[in-house]
Each structure stands twice: as structure tokens, then as C-alpha cells.
Amino acid sequence: MTESTSPILLWFRRDLRLSDHPALNAAVATGRPVIPIFLHDEGIETLGAAARLRIGFAVGELARALEALGSRLILRRGPALQSLTALVSETQAGTVWWSRLHDPMSQRRDEAVSHGLRAAGIETRAWPGHLLFEPEKVATGTGGSFKVYGAFFKSIVNRDPGLPLPAPDRLMAPASWPRSDRLEDWRLSAALRGGAPIVAAWQRPGERRAHERLECFLAEKIGSYPESREYPSLDGTSGLSENLTYGEISVRTCWRAGLAALERGEAGADRFLRELAWREFSHHLLFHAPGLAMDPWRPEWRSFPWTDDAEAPLVQAWKKGRTGVRLVDAAMREMYVTGRMHNRARMIVASFLTKHMMVHWRVGLTWFEECLTDWDPASNAVNWQWVAGSGPDAAPFFRIFNPVAQAKTYDAEGRYAQRWIAEGQSDAPATALSFFEAVPRSWGLSSRDPYPAPVLDLALARERALEAFRARSRRVEAVGGDA
Ligand SMILES: Cc1cc2nc3c(=O)[nH]c(=O)nc-3n(C[C@H](O)[C@H](O)[C@H](O)COP(=O)(O)OP(=O)(O)OC[C@H]3O[C@@H](n4cnc5c(N)ncnc54)[C@H](O)[C@@H]3O)c2cc1C
């Protein structure tokens, strides 16, 4: 088979959609057979329990959408290079294409795959599609990367990312299909054990639902978004993060919709674009500073006296929604049950962990990675560092959220807390009770237990954190910037 007629292997990863998919569009345009692939590879092995469950749903939805076009999604398990090499040899494919990812783990894997396949004479290409603009294409006036969000936003808001591409109406099938694993056999929900059906019920996977969500947001929520997005008890945001994470909708589609809403004069359009730009900025930062996935971006924070002990009783109380601080506990339980957490609540629990509890943000980041179905390597790392104060353009450490004051402002009637905290309610809602069904038995929790007293004194804990911050500032000054 000559290369011009050989099949193209299209390796799907976090681009689990058919519309606005540059690699897929280009593959179809060649007129060659296209073999869509999804791999249970090292990228899946390292996912947290909730994200693994969620990506399984996304893969299932994509497989059904491809079947409707007379195609298939071929599933294989094993290291990416090994699986792709086997598939190339079985199908006589001359080309392997994918959409580029920018996080350190994906970059390392993709480089090795590209190197290995090219050495065997196979053409590889990484296409855009995960971001609005490739990180190298957005630069400051002096050619560097952005470290300040405001300047980054300014530099992209008037740039044209191009128009979203239509979904193909047909994919040419190969003469014969290679063998595929069965998705059920991968048991992607196994790590969540008994909690899997509970978390599953909250997911809205697939391209069709992602587009419906965007439409619903534009039709019903965008006008009040700037205010309602602040209240955890309201369904005031787009809910698109789980879909954007797996590429069930392209960020370009959302961005274009936001721009059109801006032109129509919709009140919340500017804010929506700014939030999408935070996602973009997070990826830009992580691409240019891959170390920030695990280490403080500002070196002077490396010696800050945060504890790193994920098993410490305070950390356990935080993870299990048992701190005795209602807004914090409600949020941690919401995440455990739904795989999501409201953005304001994320900021509050992150501040509580890193400041009141003086626990390293890495501990929180790792727990979020385990529990979030919208887990994104860039957004998670950048936001944790933003709250902790150690990241670029971060909130200052001394800005410590008081979770009780936050509850008075953003959950004044206690609706969010009631939704998620069963203890003390004679007729607790199903949401609050489901937390006790979702958690492992080994946690020994019961909705009939009394609600715990606060695990720490908020005022004392705040003062301790501020004192540690002042001591750090003195050390930094003494050694001229690097403590
Ligand atoms: C400590 C912490 C950890 C976080 N971890 C993640 C994560 O792993 N994955 C993730 O997608 N988001 C993360 N976020 C950002 C934010 O909380 C979620 O994107 C948001 O809650 C998703 O809800 P939505 O889709 O309704 O957002 P909307 O308010 O409707 O916003 C639209 C889109 O903009 C993007 N966006 C909004 N806020 C942010 C933000 N602060 N940073 C980056 N992108 C943003 C998301 O893609 C979102 O879907 C984190 C925030 C914090 C404070």
C-alpha cells in the first residue's frame, strides 16, 4: 500500500469530539481511510479515580458517534508507543495523527511516541485543537511568555482563533478493521468502587450534551452569570469544565459563542470569555514552566513551613468533609459525590487547607486530582498555586478567606450547606445522604453521627499562618530574594 492510500491512525486523547477537530478534519480531507484509536495507556494509568470513570463515559460517547458515521473507535491497552506500533503493523497505516496536549506528562509521552514511530518510517503530526492558540504563538512584546493574567487576556481577546470546523458526515473505513478491546473490560470505574454509580449519575458526558449545555448557558444563564457564578448553591455557571477537559466541545466553539454573545450585548459575555481565558492562561503557564505542576513557581516558597503529611488528622478531616466548618465540609462532600466543586468553594477549601491548616497545596492538588471529574493538569495546578500565593500572578498569601464570613455572604440562607451536610437534619436531602453511600466503609462515617466541632480555631489558625508568612518575608529580605 502506498502512503497516499494507506490508512491514517487518528489517536484520540482529550479531544473526544467530532466537530471542530482539526486533525480529524484534515484526515478526512485526504480521502484516505481513517482508523480512530483510543488507548488505555500511561496517560490513563496515572489518572485519578473520578477522572478515569469520567473519561470512560467520554470514550463510550465518542465510539457511538463514530459508529453513526459508519466508523469505529478501536481500543487498545498498553504503553502508547507499543500499541500504536502494533496497530501500524496490523493496518499498514503510514500516518499517525493526534491533537497536541501541552502538559508535561503528555509532552514526554508524545515525544517518545513521535520519535519511535518516525524511526520506523511513520509520519506523525500533532495538530492544534486543545487550546485557542498554541502556547508558543502567544508572546509578550519582548518575545517571552506571559506571567500576568491581565496582560495575557489583553493579548488574546482581539486575536482571531479561526472559525470552528464542522463535523465530518462520513469517515472512510479501512478495508478491514483491526481488533478492538471492549470498553467494559477496562473497568474504568473500578477505582471508585461502591461510589461509582453515585458519581456517575452526576456526569453529563458527550459532545451532544456539551453543546446543549453551552446553548442552555447562553439562553438562560449568561445574563446573570457575573453575579450568580459567585453562589455555590446556584446553578449559575456553564458547567462546561467536565466537557472541556475531555475535549467533548472545543474551547474555540465556546469562545466564539462568547464573542457572539458579547456582540449581542449580553451582560455576562465578557466575564465568560475571561474565565475561558483563565483556562488558556493556565495551559500557557504550565507549558512554559512545567515544574509548577508540583513545585512552587516562586522559589522563595519552597522553604515555607507547610506540612506535606497527607495522612495528618487535619488533612483527613479536610478530605472527609469533617472539619466542622460547614462551607468547607459541604464543598468537600460535593466534590466526593459529584466529581465537581463550585469555583468559589474550591477557592475557600484551598485557602483553608494551605493557610488555616498550613498544609502544602500539593496535598490538596493531589486530592482534587483523585476526586475531580473535570480534573485538568493545568487549571488544577495553577489555581492551587494561585490560592496558596506561590504561583504567577497569585492572590497574596495574606489574603485568607474566612470560611464563616464567606458563608454569610455567599450561602447566607445555608442552602449549599444543607444540600451537602446531613448531620443534624431530620429530613436530610438525598444529596447530603448520598455522601455516606459514596465514601469507603473504612472511613466509618454515618449520617446519624453528630456533626463535628471545628477542628481548629479560625482566628488562631489565621494568626499562625500570617506569622509564618511574615517570618518568610523577613527571611526573603535577609537573603535578598531566595529563602
Ligand atoms: C483550587 C482550584 C482547583 C481547580 N481545579 C480545576 C481543574 O482541575 N479543572 C478545571 O477545569 N478547573 C479547575 N478549577 C477552575 C474552576 O473552579 C472550574 O473550571 C469551574 O468551577 C468550572 O465550572 P464551570 O464549567 O461551570 O465554569 P464557568 O464559570 O462556566 O467557566 C467557563 C469555563 O472557563 C474555565 N474556567 C473557569 N474558571 C477557571 C479558573 N479559575 N481556572 C481555569 N479555568 C477556568 C473552565 O474551563 C470553565 O468550564 C480550579 C479552581 C480552583 C480554585
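Structure's up top.
Residues numbered from 1 in each chain as written. Predicted model: local features only at pLDDT ≥ 70, side-chain atom pairs only at ≥ 80, totals over all residues. Heavy atoms only, no water.

### Quick look at the layout of surface pockets
Working step 1: Of the volumes computed, that of the second largest pocket is approximately 530 Å³.
Working step 2: What lines the second largest pocket is a set of 29 residues, among which Thr46, Asp103, Met105, Trp375 and Pro377 lie closest to the centre.
Working step 3: If you tally residues by element for the lining of the second largest pocket, the top one is helix H5 (residues 104-119), at five residues.
Working step 4: Grouping the amino acids of the lining of the second largest pocket by side-chain chemistry returns 17 nonpolar, four polar and eight charged.
Working step 5: For the lining of the second largest pocket, the two domains that each supply at least three residues are domain 1 (1-129) and domain 3 (299-476). (1 Å grid on protein atoms, 1.4 Å probe; cavity = no way out; pocket = protein on both sides within 12 Å on 5 of 7 lines; lining within 4 Å. Points joined across faces, edges and corners; volume = space filled by probe spheres on them. Helix = DSSP H or I, 4+ residues; strand = E, 2+ residues; numbered from the N terminus. Nonpolar A, V, L, I, M, F, W, Y, C, P; charged D, E, K, R; others polar. Domains from an automatic or database assignment.)

### Structural notes on the site of the ligand
Working step 1: Residues in contact with the ligand amount to 26 residues; listed here are only the nearest, Tyr225, Thr237, Ser238, Gly239 and Asn343.
Working step 2: Between Thr237 and the ligand, the recorded distance is 2.5 Å, taken from a side-chain N or O atom to an oxygen atom.
Working step 3: One of the backbone N or O atoms of Asp374 is found 2.8 Å from a nitrogen atom in the ligand.
Working step 4: Bound to the protein, the ligand loses 96% of the 820 Å² it would expose on its own. (Near = heavy atom within 4 Å. Polar contact = N/O pair within 3.5 Å; in protein donor to acceptor, adjacent residues only side chain to side chain. Areas by Shrake-Rupley, 256 points an atom, 1.4 Å probe, with all protein chains shown as cover.)

### Considerations on the pattern of salt bridges
Working step 1: The final tally for this structure, using the stated rule, is 36 salt bridges.
Working step 2: For the salt bridge of Glu45 with Arg77, the shortest nitrogen-to-oxygen distance reads 3.8 Å. Of the two residues, Glu45 sits in helix H2 (residues 42-45) while Arg77 sits in strand S3 (residues 74-77), which places them 32 residues apart along the sequence.
Working step 3: The partner of Arg54 in a salt bridge is Glu242, and the shortest N-O contact between them spans 2.5 Å. Placement of Arg54 in helix H3 (residues 49-68) and of Glu242 in helix H10 (residues 241-245) is noted, with a sequence separation of 188 residues between them. (Salt bridge = Lys/Arg side-chain N within 4 Å of Asp/Glu carboxyl O.)

### Re the sheet that holds strand S5 (residues 123-127)
Working step 1: Pairing in this open sheet of five strands is parallel, and the strands run S3-S2-S1-S4-S5 from one edge to the other. Two strands bound the open sheet, and with one partner strand each, they are S3 and S5. If you compare each strand with its neighbour and ignore which way they point, the axes differ by 25° on average.
Working step 2: Across five bridges, strand S4 (residues 95-99) lies against S5 in parallel orientation. (Pairing = 2+ DSSP bridges. Axes fitted to C-alpha atoms, helices over the stretch in contact; angles between N-to-C directions.)

### Some words on the packing of helix H12 (residues 269-288) against helix H17 (residues 377-388)
Working step 1: The contact between H12 and H17 brings their axes to 8 Å, and the two run at 90°. The pairing of H12 with H17 is recorded here as roughly perpendicular in orientation. On H17, the residues that touch Trp278, Arg279, Ser282, His283, Leu285 and Leu286 of H12 are Pro377, Ala378, Ser379, Val382 and Trp386.
Working step 2: Across the contact of H12 with H17, the residue classes break down as seven nonpolar, three polar and one charged. (Parallel < 35°, antiparallel > 145°, perpendicular 65-115°, else oblique. Contact = heavy atoms within 4.5 Å.)

### Describing the pairing of strand S2 (residues 34-40)
Working step 1: Counting buried positions along S2 yields seven of seven residues, so the element is predominantly enclosed.
Working step 2: The alternating pattern of S2 places Val34, Pro36, Phe38 and His40 on one face and Ile35, Ile37 and Leu39 on the opposite face, and all of these are buried.
Working step 3: What joins strand S1 (residues 8-12) to S2 is helix H1 (residues 22-29), and the crossover it makes is right-handed.
Working step 4: In the sheet, S2 pairs with S3 via four bridges, with the strands oriented parallel. Bridge pairing in S3 links Ile37 to Ile74. (Buried < 20%, exposed > 50% of the residue type's maximum accessible area, 1.4 Å probe, protein only. Right-handed = clockwise from strand over helix to strand, strands pointing away.)

### Some details on the nonpolar core
The nonpolar side chains of a soluble globular protein tend to be buried, and buried together.
Working step 1: Ranked by size, the top nonpolar core spans 125 residues in total, and within it Leu16, Phe38, Leu73, Trp255, Trp318 and Met341 carry the most contacts.
Working step 2: Setting aside its immediate chain neighbours within four residues, Trp318 contacts Thr323, Val328, Met332, Val349, Phe352, Leu353, Met357, Gly364, Trp367, Phe368 and Trp384.
Working step 3: Of all hydrophobic cores here, the second largest spans 16 residues; its members include Leu9, Ile37, Ala80 and Leu87. (Core = buried A, V, L, I, M, F, W, Y, C linked by side-chain atoms within 4.5 Å.)

### Considerations on helix H16 (residues 361-371)
Working step 1: Along H16, eight of the 11 residues are buried, which leaves the element largely enclosed by surrounding structure.
Working step 2: Turning to H16, the residues buried within the fold contact H3, helix H13 (313-319), helix H14 (326-338), helix H15 (343-356) and H17.

### Looking at the packing of aromatic side chains
Each aromatic ring pair is specified by the distance between its two centres and by the angle formed by the two planes.
Working step 1: One pass over the full model with this rule turns up 30 aromatic pairs.
Working step 2: When the ring of Trp318 is compared with that of Phe368, the centres are 6.3 Å apart and the planes differ by 5°; the resulting orientation is stacked. Of the two residues, Trp318 is situated in helix H13 and Phe368 in helix H16; the sequence distance between them amounts to 50 residues.
Working step 3: Ring centres 6.4 Å apart and planes at 35° place the aromatic pair Trp367 and Trp443 in the tilted group. You can see Trp367 sitting in helix H16 and its partner Trp443 sitting in the loop between helix H20 (430-438) and helix H21 (458-478), a full 76 residues away along the chain. Neither residue differs from the other here; Trp367 and Trp443 are each classed as buried.
Working step 4: Taken together, the aromatic side chains of Phe146, Tyr149, Phe152, Phe153, Trp278 and Phe281 make up a single cluster linked through ring pairs.
Working step 5: Seen from the ring of Phe133, Arg159 lies directly overhead, with NZ or CZ sitting 4.6 Å from the centre.
Working step 6: Sitting over the ring of Tyr410, Arg344 keeps its end group 3.9 Å from the ring centre. (Phe/Tyr/Trp six-rings, centres within 6.5 Å; stacked < 30°, edge-to-face > 60°. Lys NZ or Arg CZ within 6 Å of the ring centre and 35° of its normal.)

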